[in-house]
Amino acid sequence: WRWTGWNGWGLTGRWSWSVRNLQKAAIQIIYLVATPIGNLEDITLRAINVLKNVDLIAAEDTRHTLKLLNHLEISKPMISCHRHNENEKSNKIIEKLKEGKNIAIVSDAGTPGISDPGEEVVKEAIKENIQIIPIPGACAAINALIVSGIDTKEFYFLGFLPLNKKLRKEKLNEIKNINKTIILYEAPHKILNTINDLENILENRQVVFAREITKIHEEFIRGTIKEIKEKIENPKGEFVIIIEGNKNVENIENKLNLLTINEHYNYYENKGYSKKEIIKLIAKDRNVNKNEIYQKFINK
Ligand code: SAM
């Protein structure tokens, strides 16, 4: 049921031509198509083919996507599906799919669903048993991370910091204590404000500001947050911020089996796990049989 070429929708080569065409009307597929984050050449051949062959494109901003479609010489009906109407538009998209239409979801730039519309439609489509296919491509977060020089093994994608003061403070506190690489998005006009907030919590951790990735003024600014602040007095363009994890925060999860069994139990209990879950987790951490742990806490 995967797309294998444009001679048949989503069918494998095992199917005969006639079967493919019979099936064509019955299969509804929703494609999440990644589009460029700046350089228009960053779109895959598969993405172009999908955009050419779907019945409808649901775009975050139809005017923005029209420019891309014009560049690719594709003419296709579009509907808008943005942050403020995603719930309502998801139903409309599902209706269209049920009518037998194949639909591509695109955002203004990069990968749909990553700090962009897409998530709600996917959830609805899953409920309706509709097939969903990702069409991979550009994503600002991943491209900033891979050239950052900061640990890529484990990372925490945080997206945009909340605007609400209290929630923002909570997130900044979280950043302060995370020992994994952190990825942030920030809107151009808020970058100075965010630099100031980060300055208060990051001390001398390494940070990379990835500016205008794939565009003419692409730049990767590396250093401590203080150094970066001096380097970018007048920030222009789009930024991804990559922050080194806090190396002073011990990775307690790796050291749980050094605790006594009761300390181990309390650790998970404080995190809100049920007795059954705790027993399972302890058994896994200590690589022992669940029953052995169960016996120890039978009366707890
Ligand atoms: N879905 C997109 C993706 O896959 O990367 C992200 C969309 S989010 C609404 C927009 C944010 O992504 C910007 O504020 C910026 O933080 C980041 N971004 C997008 N394009 C970028 C680029 N070319 N250079 C640097 N950051 C970019």
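Cut-offs used in this document
- Residues numbered from 1 in each chain as written.
- Predicted model: local features only at pLDDT ≥ 70, side-chain atom pairs only at ≥ 80, totals over all residues.
- Heavy atoms only, no water.
- Near = heavy atom within 4 Å.
- Polar contact = N/O pair within 3.5 Å; in protein donor to acceptor, adjacent residues only side chain to side chain.
- Areas by Shrake-Rupley, 256 points an atom, 1.4 Å probe, with all protein chains shown as cover.
- Phe/Tyr/Trp six-rings, centres within 6.5 Å; stacked < 30°, edge-to-face > 60°.
- Salt bridge = Lys/Arg side-chain N within 4 Å of Asp/Glu carboxyl O.
- Buried < 20%, exposed > 50% of the residue type's maximum accessible area, 1.4 Å probe, protein only.
- Helix = DSSP H or I, 4+ residues; strand = E, 2+ residues; numbered from the N terminus.
- Expected span 1.5 Å × (residues − 1).
- Arc of directions from axis to C-beta.
- Contact = heavy atoms within 4.5 Å.
- Axes fitted to C-alpha atoms, helices over the stretch in contact; angles between N-to-C directions.
- Parallel < 35°, antiparallel > 145°, perpendicular 65-115°, else oblique.
- Left-handed = near helix turned anticlockwise from the far one by under 90°.
- Nonpolar A, V, L, I, M, F, W, Y, C, P; charged D, E, K, R; others polar.

**Q** For this particular structure, what's the right way to read the site of the ligand?
**A** Of all residues adjacent to the ligand, which total 19 residues, the nearest are Thr 111, Ile 114, Asp 116, Tyr 185 and Phe 239. Take Thr 111: an N or O atom from its main chain is 2.8 Å from an oxygen atom of the ligand. Ile 213 places a main-chain nitrogen or oxygen 2.8 Å from a nitrogen atom of the ligand. Taken by itself the ligand offers 570 Å² of open surface, and the protein chains cover 92% of this.

**Q** Before we go on, may I ask you to explain the packing of aromatic side chains in this structure?
**A** The geometry of an aromatic ring pair is captured by the separation of the ring centres together with the interplanar angle, meaning the angle of the planes. Within the structure shown, the criterion is met by six aromatic pairs. Ring pairing ties together the aromatic residues Phe 157, Phe 160 and Tyr 185, which thus form one cluster.

**Q** Just to check I follow, could you spell out the pattern of salt bridges for this structure?
**A** Between side chains of opposite charge, a pair can form when the charged atoms approach closely. All told, the structure shown has 13 salt bridges when counted by the stated rule. As a salt-bridge pair, Asp 151 and Lys 153 come within 3.4 Å of each other at their nearest N and O atoms. Note on Asp 151: relative accessible area 36%, which makes it partly exposed. Across the pair Glu 199 and Lys 226 runs a salt bridge whose closest N-O atoms are separated by 3.9 Å. Of this pair, Glu 199 sits in helix α8 (residues 191-202) while Lys 226 sits in helix α9 (residues 225-231); the two residues are 27 residues apart in sequence, bridging distant segments of the chain. Here the salt bridges do not stand alone but share partners, grouping Glu 199, Lys 226 and Lys 229 into one network.

**Q** I keep staring at helix α4 (residues 86-98) and nothing clicks. Help me out?
**A** Every α-helical turn comprises 3.6 residues, leaving residues that sit three or four positions apart pointing alike. Taking 1.5 Å per residue, 13 residues should reach 18 Å; α4 reaches 18 Å between its end C-alpha atoms and fits that length. Burial in α4 covers these residues: Glu 86, Lys 89, Ser 90, Ile 93, Ile 94 and Leu 97. The arc enclosing the buried residues of α4, seen along the axis, measures out at 145 degrees, which places them on a common side. Those residues of α4 that are exposed and angled more than 90 degrees off the buried face are Glu 88 and Lys 98. Buried residues belonging to α4 abut β1 (29-33), β2 (56-59), β3 (78-80), β4 (103-106) and α5 (119-127). Just downstream of α4, Gly 100 is the residue with a positive phi angle, here 100 degrees.

**Q** Sorry if this is basic, but what is going on with the packing of helix α10 (residues 261-270) against helix α11 (residues 275-286) here?
**A** When two helices pack together, their arrangement is given by the angle between the helix axes and the distance between those axes. Packing of α10 against α11 brings their axes to within 10 Å, and their N-to-C directions diverge by 125 degrees. Classed by the angle they form, the pair α10 and α11 counts as oblique. In the crossing of α10 with α11, the sense of the turn from one axis to the other is right-handed. Side by side, α10 and α11 meet where Ile 261, His 264, Tyr 265, Tyr 268 and Glu 269 of the first sit next to Lys 275, Ile 278, Leu 281, Ile 282, Asp 285 and Arg 286 of the second. Taken together, the residues that form the contact of α10 with α11 break down as six nonpolar, one polar and four charged.

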